[in-house]
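Read off the chains here:
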Amino acid sequence: MRRLLWLLPLPACAPPSDAACDEGPVRAAALEGIALEQPCAIEIAAPTRLLVTTTDFATGAVAVVDLATATVTRDVAAATTDSIPAWHDGAALLLNRYQYDSVTVLDPDRGFALAGEHAVAAACSDAPNPQAVVFDPDGHGWVTQLDVPTLAPLSLASDDDAREPIDLRAVPDADGNPDAGLAFACGPLGFVAVQRLDPSYGRVGPDELVAVDLVGGQVLDRDPDRAGAQGLPAAGAWLRQLRADPTDAHGHTVLALSTGIERFALDAGTVSWAVAPERFAAVALGGPRQLQAFDVDDTGTLAYVAAYAEDFSAVSLWRVGLDDAAPQQPERFADGFDSVEHTLELVDQRLWYGSTRRDAPGLWQFDVAGAVPEPLGDPLSTGLPPYSMVAIP
Amino acid sequence: MLATSTTKVLSAALWCAAAPPASRGAEADADPQSAEDGSRYRTVVRAPSRRGAAARSPGFVSVIPLDDPKSATPRDGLAEVLSRAPGVHVRSLGGLGQFGAVSIRGSAPQQVAIFLDGVPVSGSMAGLVDLADLPLDGISRLEVHRGWIPIAYGAAAMGGALDLVSTPSDAPAAVRAEAGAGSWWTRQAAAEIRGRTRRVGWAARASYAGSTGAFSYYDDRGTRLSGDDGLARRSGNGYDRVLAQLRLSARRGRWRIGAHQLAVGKRAGVPGPGSAQAQAAGNDQLMSRSIVRLRHDGGARPGTRLEWLAGVGVEARRFRDPRAELGVGRDDQRALTLDVYLSPRLRVPLWHQAWLGVVADGRGERIAIDQRVQRPDGSPTGDAVRSRAAIGAGIELEQFAWAGRLQLVPALRVDGVASRFAVPAGRGEQDDRGRNRSFVAVSPRLGLRVSVVPPLSLRGSIGRYFRAPTLVELFGDRGFFVGNEGLVPERGVVADGGATLEHDGRHGGVFGHLAGFWIRSRDLIQWIAAGTVARPENVAAARVRGFESALGVRAPDDRLEVSLNYTWLDAVDRSGDPGRDGHALPGRPRHDLFARAAFGWRFHPRGVAVEPRLVYTAELVARTFLDPSGRYVLPPRALQAVGLQAWIDARVLLGLEVRNLLDVRTATVVLPVGDRQPSPVAIADFIGYPLPGRSVWAHVRVEFELGGSRRKGRRRS
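**Some remarks on the nonpolar core**
A general feature of soluble globular proteins is that nonpolar side chains tend to end up buried together. Residues and elements named next belong to chain B. Counting residues in hydrophobic clusters, the biggest one holds 22 residues, and the most contacted among them are Leu 82, Val 102, Ile 114, Leu 142 and Leu 164. Sorting the residues of this core by element identifies helix H6 (78-82), strand E2 (88-92), strand E3 (100-104), strand E4 (112-116), strand E6 (139-146) and strand E7 (160-166) as the ones contributing at least two each. The residues contacting Leu 142, other than those within four sequence positions of it, are Ser 62, Val 63, Ile 64, Leu 66, Leu 78, Val 81, Leu 82, Leu 162, Asp 163 and Leu 164.

Right, here's the structure in full:
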């Protein structure tokens, strides 16, 4: 189980197929001169619920958690065994990843009834492997695909979307596929985390945050003087999760979990460590892919992190101060868990964490108001064990 | 892809004397009245009784004949043949030549020990034998042992043991040629020649089999809404296999020796799930297995028998997934496996109506993995050399009383397993913590048979079993199977009891049994589907109970044969884990009903004997859960088949069979989720892996016996 837990994200990261995705000229425009005007939509403000996908790896489902009452409505909808929840404009979305290759739309107003299913298909790939979805100001969705070097158009209103995919081939990568994963939008500007993986999943270069003109439909190059379009290179390896930096009122700064916690200042185009990898390494969390999920408090001074043990045998929960805040060395406050994807959310003074631990699967709560986070009772059952979750209005 | 992982180390070679493992060969002569004259072993060799093992074991044994000259069994039809036996359930990935795994009495496939003439083919490295890797060429019968498992079959057969018994090479000299063709370009061709002198018999066989496996199936595109659903055609599901076989037997005085050399080359596609089919993934296999059996009957005391059984298997296997269509990254893994087995067996008479059987066996396996796809980020190379040595010894006392009507068999087996799985740093799998481990286990057993009235026997047994985790279970295969190094050996207690009925005479026969069984497993190793991969887990406990029944009736001259099997199974997870405890173990149908009827007659147009025969089979399974949480239950599924064959002049067989007669391709599943909307899905044994619809198989076989006595026996048949 434990080995599996860290391996599982890999199937969600299929390497490129042999099929050609390189038709047509590669386009990119200069990023210079384009200013961020709207805040970045990374998280929902003032969430009241959690949308949780669950699975026993044979079937999948969706559970909804009411944060005020700490009650779980289980099995409100069906999901796959590799579904990642998302939210947009009153609709719940499920990104059904590797080999499912679709986006499911659920209607919260009708008890999360099935409202639509959209295949994510590409002529050059048998398994496009959708990873994340962003929406431009017009409400048009764009889906990152790990196996295809484009952002696929997604229209929640109809399957008949005439828009062309946005070509990402401008971002240089030896195998021609930039392995697009996480994404968010700041108005008309999208940012896509691209990885540098060879066809056998070997990491051959740093992840980058690449700007994309969602309306104009092209990659924006940070440094036109260099060959290929340039993104903002990450300081650490493997961008695992993104959060908004609460200290930036403009919403143009992003915190990212990699081998540490790094801060992307999008306006300035800089990257710096909020928690350097050495601080995690000091508590035996220095290995690649050990850090799994995180969230930060409203003041932007304290981060809560779920991390694998060195041998990936279990997941423990930690807290660490960002920048100069205490504690400087990560402190473990709970352990003995298992989890697969992102199942950690901090809402007000309560930390929610979904664990797949076989003898006690479910959603754990911790009161983080005091000096030491305190667990609040037994885990809430989510039906099937929790797989991934997101906070929603 | 399962095929890669389930990578069986083996396949086989058989000896010719048609004997079950030594201890059972002995039991075959258990009639104390004939035991004294020393002739009973010859009886076994020359005229093996198809139901002999069933009659003489304190356990419940099904014997399935495969060399009936009047019937045509597909050479890749082991899964299909096995599913006819009561208490046996076969799960398939779909199509001939594709992965199939057998479960007996609700067991995991790894708990079924599989043998070829007594030599184990269930490798310690993989454990799980892919039935598609066991062609039926040269096999005369299958023996399915349940409940009481002879000590010669080892300690791991918690569910049961399956022995493929080869065709005797000292059968009459003959030349045989056969060919078949069917749906999806399925094709087979084989030729065999047999010869014999007074003391030496030999047989050589060569065959080819292949199929595109491109059947059409219902594809739900991985979504619940049916708007984009439709029929799709299976891709990457084909295979080609060539096989060569040489069997020799010789006798001199009280000595007999049998040898069998088998070589198989197979190239098979690995298709992936139906909603995301693979095109380029495949599994290539080149295998050789040699088996030698040396036996000496008699000695200082009449009835004494000494036997040596040896087997050497070498297999080279390559799994290729150049587009990463199946699992974690591209894959090109080569594995070279060496498997050596040696087992001396002695059976001696002790006192009045008592025999002592002593079995020892040693087995060494070595597997070298050569991973050709390297990862540049410091990940382990994937290369590894691992080995396992196992030794075992058992003692079995057979005590008869009341003129053989009572048989009591206490037995004890001790096994030691030493695994050398550690690999140097930088090698092996990701997070490889392979350790060198050793296990010792004792597995006592007790069997009892009482013949109440001649055709009716009461049987019962209780025993303890043990199985160490296999290499694939521990380390996975970089593909579909993800290892779990925390596994511990599984152990279990098996008990059963019931009655058998066996009457065979000139006026027909009646056969059947009714048995109840109970299995309690601790640390049961169970493969759990995990999205696009599967991983093994020690389910803390599992309880399996049920009953199986079988009834067969045969009219005189085999004009009419009817058989009916029904198994009720209650296999429950007792792990204590919330969400699983109390739910059915996946893949075990609650109800399994099999019916077969055959009607034939004989007439002589122009003096040529013609014997047409019509065969109908139906299998109904119901209440099968495919998930560990008890949500995904398959609706009842009935698959029927009908066949017509003609046996002409005792030398030509023509056959035509239609399987899945009603072309059942879809089922409706209702998950207890959301609006509980019924979802049509393809029929399947594993979630997402469709089974074929209707198919047709045509077959022709011609056999000429060489020498003067050639047709006498055939005419009689």
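**Focus: the packing of aromatic side chains**
Within the structure shown, the criterion is met by 14 aromatic pairs over all chains. Pairing A:Phe57 with A:Tyr387 gives two aromatic rings, centres 6.3 Å apart and planes at 85°, and the pair type is edge-to-face. Separated by 330 residues along the polypeptide, A:Phe57 in the loop between strand E2 (49-55) and strand E3 (60-66) and A:Tyr387 in strand E30 (residues 386-392) bring together distant segments of the chain. By the burial criterion, A:Phe57 is buried, and A:Tyr387 matches it. Judged by centre distance (6.2 Å) and plane angle (25°), the rings of B:Phe547 and B:Trp568 are stacked. One end of the pair, B:Phe547, is in strand E25 (residues 533-554); the other, B:Trp568, is in strand E26 (residues 560-573), and 21 residues separate them in sequence. Every member of this aromatic cluster is reached through a ring pair, and the members are A:Tyr304, A:Phe333, A:Phe337, A:Tyr353, A:Trp364 and A:Phe366. Across the ring face of A:Trp142, the terminal group of A:Arg163 is positioned such that the distance to the ring centre comes to 4.5 Å. Over the face of the ring belonging to B:Tyr217 we find B:Arg234, whose NZ or CZ atom lies 5.7 Å from the ring centre.

**Some thoughts on the pairing of strand E6 (residues 91-96) of chain A**
Looking along a regular strand, one sees side chains alternate from face to face of the sheet. Residue and element names in this part refer to chain A. Taking burial as the measure, the six residues of E6 include six buried ones, the bulk of the element. Because side chains alternate across E6, one face comprises the buried residues Ala 91, Leu 93 and Leu 95, and the other comprises Ala 92, Leu 94 and Asn 96, equally buried. Sheet analysis places strand E5 (residues 83-88) next to E6, joined by six bridges and oriented antiparallel. Note on E6: the bridge partner recorded for Ser 83 is Asn 96. Adjacent in sequence and paired antiparallel, E5 and E6 are bridged by two residues, among which Asp 89 carries a positive phi angle near 50°. The pairing of E6 with strand E7 (residues 102-107) spans five bridges and is classified as antiparallel. If you follow Asn 96 over to E7, its bridge partner there is Ser 102. Hairpin connection from E6 to E7: five residues lie between these consecutive antiparallel strands, with Gln 99 at a positive phi of about 70°.

**A closer look at the state of the cysteines**
Residues and elements named next belong to chain A. The tally for this structure, following the rule as stated, stands at one disulfide over all chains. The partner cysteine of Cys 40 in its disulfide is Cys 186, sulfur to sulfur 2.0 Å. Classification of the bridge connecting Cys 40 and Cys 186 rests on its S-S torsion, roughly 95°, and on that basis the disulfide is right-handed. With Cys 40 in the loop between strand E1 (28-30) and E2 and Cys 186 in strand E13 (residues 180-186), this residue pair connects regions lying 146 residues apart in the sequence. In this pair, the class of Cys 40 matches that of Cys 186, namely buried.

**Notes on the pairing of E2(A)**
Residues and elements named next belong to chain A. Counting buried residues in E2 gives six out of seven residues, a clear majority hidden from the surface. The sheet contact formed by E2 and E30 spans six bridges and is antiparallel. Looking across to E30, one finds that Thr 53 is bridged to Ser 388. Taken together, the seven bridges between E2 and E3 define a ladder with antiparallel strand orientation. Bridging across to E3, Thr 53 finds its partner in Val 62.

**What about the sheet that holds E5(A)?**
All names here are of chain A. Overall, antiparallel pairing links the four strands, which are arranged E5-E6-E7-E8 in an open sheet. Each edge of the open sheet carries a strand with a single partner, namely E5 and strand E8 (113-119). Along the sheet, successive strands turn relative to each other by an average axial angle of 25°, direction set aside.

**Observations concerning the confidence of the model for chain B**
Residues and elements named next belong to chain B. Taken over all residues, the pLDDT of chain B has a mean of 80, while the share at 70 or more is 80%. Residue range residues 1-51 is modelled with pLDDT below 50. Its contacts to residues more than four positions away, or to other chains, number 200 contacts. Within the model, the stretch residues 709-717 combines pLDDT values under 50 with 18 contacts to residues more than four positions away or in other chains. In the predicted complex, the global pTM is 0.82; the interface-specific ipTM is 0.78.

**Focus: the pattern of salt bridges**
It is possible for side chains of opposite charge to pair when their charged atoms get near one another. Tallying each qualifying case throughout the model produces 53 salt bridges over all chains. Between A:Arg263 and A:Asp323 there is a salt bridge, and its shortest N-O distance comes to 2.8 Å. Of the two residues, A:Arg263 sits in strand E20 (residues 261-265) while A:Asp323 sits in the loop between strand E24 (315-321) and strand E25 (331-337), which places them 60 residues apart along the sequence. A:Arg263 sits in the buried class, given a relative accessible area of 15%. Here B:Asp284 ties to B:Arg320 by a salt bridge, and the two come within 2.9 Å at their closest N and O atoms. A residue pair is termed long-range when its members are at least 10 positions apart, and B:Asp284 in strand E15 (residues 282-297) and B:Arg320 in strand E16 (residues 305-321) qualify at 36 residues. Connected via shared salt-bridge partners are B:Arg176, B:Glu178, B:Glu192, B:Arg194, B:Arg205, B:Arg247 and B:Glu703.

**Points about the sheet that holds E2(A)**
Residues and elements named next belong to chain A. One open sheet holds the four strands; their spatial order is E4-E3-E2-E30, and the pairing between them is antiparallel. Either end of the sheet is taken by a strand with one partner, and the two such strands are strand E4 (71-79) and E30. Put simply, the sheet's adjacent strands are angled 25° from each other on average, direction ignored.

**Side note on the environment of B:Thr167**
Along the chain, B:Thr167 turns up in the loop between E7 and strand E8 (174-182). When the C-alpha positions of B:Thr167 and B:Ala203 are compared, they lie 9.4 Å apart, and in sequence the two are 36 residues distant.

Criteria and cut-off values
- Within every chain, residues take consecutive numbers counted from 1 along the sequence as written.
- Throughout, the order in which chains and ligands are written sets their labels, letters from A for the former and numbers from 1 for the latter.
- Only residues with pLDDT of at least 70 are given local features in this predicted model, and only at 80 or more are side-chain atom pairs given and counted; all residues enter the totals for whole chains, interfaces and linings.
- Here the side-chain values reflect all heavy atoms present in the structure, with hydrogen atoms and water set aside.
- Nine residue types can take part in a nonpolar core, namely buried Ala, Val, Leu, Ile, Met, Phe, Trp, Tyr and Cys, and a core is a set of them joined through side-chain atoms within 4.5 Å.
- Type-normalised accessible area, obtained with a 1.4 Å probe on protein chains alone, sets the label of each residue: buried when under 20%, exposed when over 50%, and partly exposed for intermediate values.
- Per the convention used, a helix needs a DSSP run of H or I reaching at least four residues, while a strand needs a run of E reaching at least two, with both numbered from the N terminus.
- Throughout, a residue-residue contact means that at least one pair of heavy atoms, one from each residue, lies within 4.5 Å.
- Aromatic pairs are defined between Phe, Tyr and Trp rings, using the six-membered ring for Trp, whenever the two ring centres lie within 6.5 Å; interplanar angles under 30 degrees are classed as stacked, those over 60 as edge-to-face, and all others as tilted.
- Charge over a ring is defined by NZ of Lys or CZ of Arg lying within 6 Å of the ring centre and within 35 degrees of the ring normal.
- Should DSSP find at least two bridges between two strands, the strands are taken to pair.
- Counting rule for disulfides: a pair of cysteine sulfur atoms within 2.5 Å.
- Every axis in this analysis is a line fitted to C-alpha atoms, fitted for helices over the stretch in contact. Angles between the N-to-C directions lie between 0 and 180 degrees.
- A residue's pLDDT is simply how confident the predictor is in it, with values from 0 to 100.
- By salt bridge we mean one thing: a side-chain nitrogen of Lys or Arg within 4 Å of a carboxyl oxygen of Asp or Glu.

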